[in-house]
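Close look at the chain arrangement
Okay, here's what each chain looks like letter by letter:
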Amino acid sequence: MRYTSVFPFLILFFFAACSIEDRIERREDRLLGTWQIDKATFKDDNALFRDNVTAEFRGDIVTFLPDNTLLYETGSGVLFDGFWVISAVRDLDDDTEFTLDADFFDFRGRPAFQWLGTIDRLNNNSLNVTVFERGGVLQLRWDKL
């Protein structure tokens, strides 16, 4: 009988011990490595439907390194390097959304492009990111190599 009264406290302790920093670190660990594009879609701000733009990203790979740097190689062999960070945003209902901010630079060190978006899915094999761009929303689905 005593064990049943202790069990809820153990569960509460387990969930309380998972701070937001711990949750971010777990996502960072899963993000590390090399990813290849699987699918890409773009929805213009005024469009009703998304366009399949996978062909524009065919063969692209991105490698996230432990020091928060990254390497991006397009299918045509153009290289970019940069920096990445995962952050967490909580809303009023205490729901947490994880964001990815990545800045890419060309071989001369000039800014080339940026991803600022939400991580929709991140596990050991799959990464889905919604990137908010000036003219619409880019959704990228990556597979881990």
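Thoughts on the overall build of the protein
Scanning the protein from terminus to terminus reveals three helices and nine strands. Secondary structure of the protein in N-to-C order comes out as α-α-β-β-α-β-β-β-β-β-β-β. Burial statistics for the protein: of 145 residues in total, 31% are counted as buried. Residue pairs at least 24 apart in sequence account for 42% of intrachain contacts in the protein once pairs closer than 6 positions are excluded. With the model as given, the accessible surface of the protein reaches about 9700 Å², and the carbon-plus-sulfur share is 55%.

Remarks on the side chain of Thr 130
Within the secondary structure layout, Thr 130 lies in strand S8 (residues 126-133). A polar atom in the side chain of Thr 130 sits 2.3 Å from the side chain of Asp 120. A polar side-chain atom of Thr 130 sits 3.5 Å from a polar atom in the side chain of Gln 139. Ignoring sequence-local partners within four residues, the contact set of Thr 130 consists of Leu 116, Gly 117, Thr 118, Asp 120, Val 137, Leu 138 and Gln 139.

Overview of the pairing of S8
Among the eight residues in S8, six count as buried, and that is most of the element. Looking at chain direction, strand S7 (residues 111-122) and S8 are connected through five bridges and run antiparallel. Counted as the bridge partner of Ile 119 is Val 129 from S8. Remark: three residues form the turn of the hairpin made by S7 and S8, two consecutive strands paired antiparallel. The pairing of S8 with strand S9 (residues 136-144) spans eight bridges and is classified as antiparallel. Bridging from a neighbouring strand, Phe 132 pairs with Val 137 of S9. From the end of S8 to the start of S9, which pair antiparallel, there are two residues.

Brief notes about helix H2 (residues 20-31)
The terminal C-alpha atoms of H2 lie 17 Å apart, and with twelve residues this matches the ideal 16 Å at 1.5 Å per residue to within 8%. Along H2, the residues classified as buried are Ile 20, Ile 24, Arg 27 and Leu 31. All buried residues of H2 fall inside an arc of 60° around its axis, so they share one side. Where H2 is buried, its residues meet strand S1 (33-44), strand S3 (61-64), strand S5 (79-90), strand S6 (96-105), S7 and S8. Within two residues after H2, Gly 33 carries a phi angle of roughly 125°, on the positive side.

A few points about the pattern of salt bridges
Counted according to the given criterion, the structure contains two salt bridges. The partner of Asp 38 in a salt bridge is Arg 141, and the shortest N-O contact between them spans 2.7 Å. Note that Asp 38 is positioned in strand S1 and Arg 141 in strand S9, a separation of 103 residues in sequence.

Parameters and conventions
- Residues numbered from 1 in each chain as written.
- Predicted model: local features only at pLDDT ≥ 70, side-chain atom pairs only at ≥ 80, totals over all residues.
- Heavy atoms only, no water.
- Helix = DSSP H or I, 4+ residues; strand = E, 2+ residues; numbered from the N terminus.
- Buried < 20%, exposed > 50% of the residue type's maximum accessible area, 1.4 Å probe, protein only.
- Contact = heavy atoms within 4.5 Å.
- Areas by Shrake-Rupley, 256 points an atom, 1.4 Å probe, with all protein chains shown as cover.
- Polar contact = N/O pair within 3.5 Å; in protein donor to acceptor, adjacent residues only side chain to side chain.
- Pairing = 2+ DSSP bridges.
- Expected span 1.5 Å × (residues − 1).
- Arc of directions from axis to C-beta.
- Salt bridge = Lys/Arg side-chain N within 4 Å of Asp/Glu carboxyl O.

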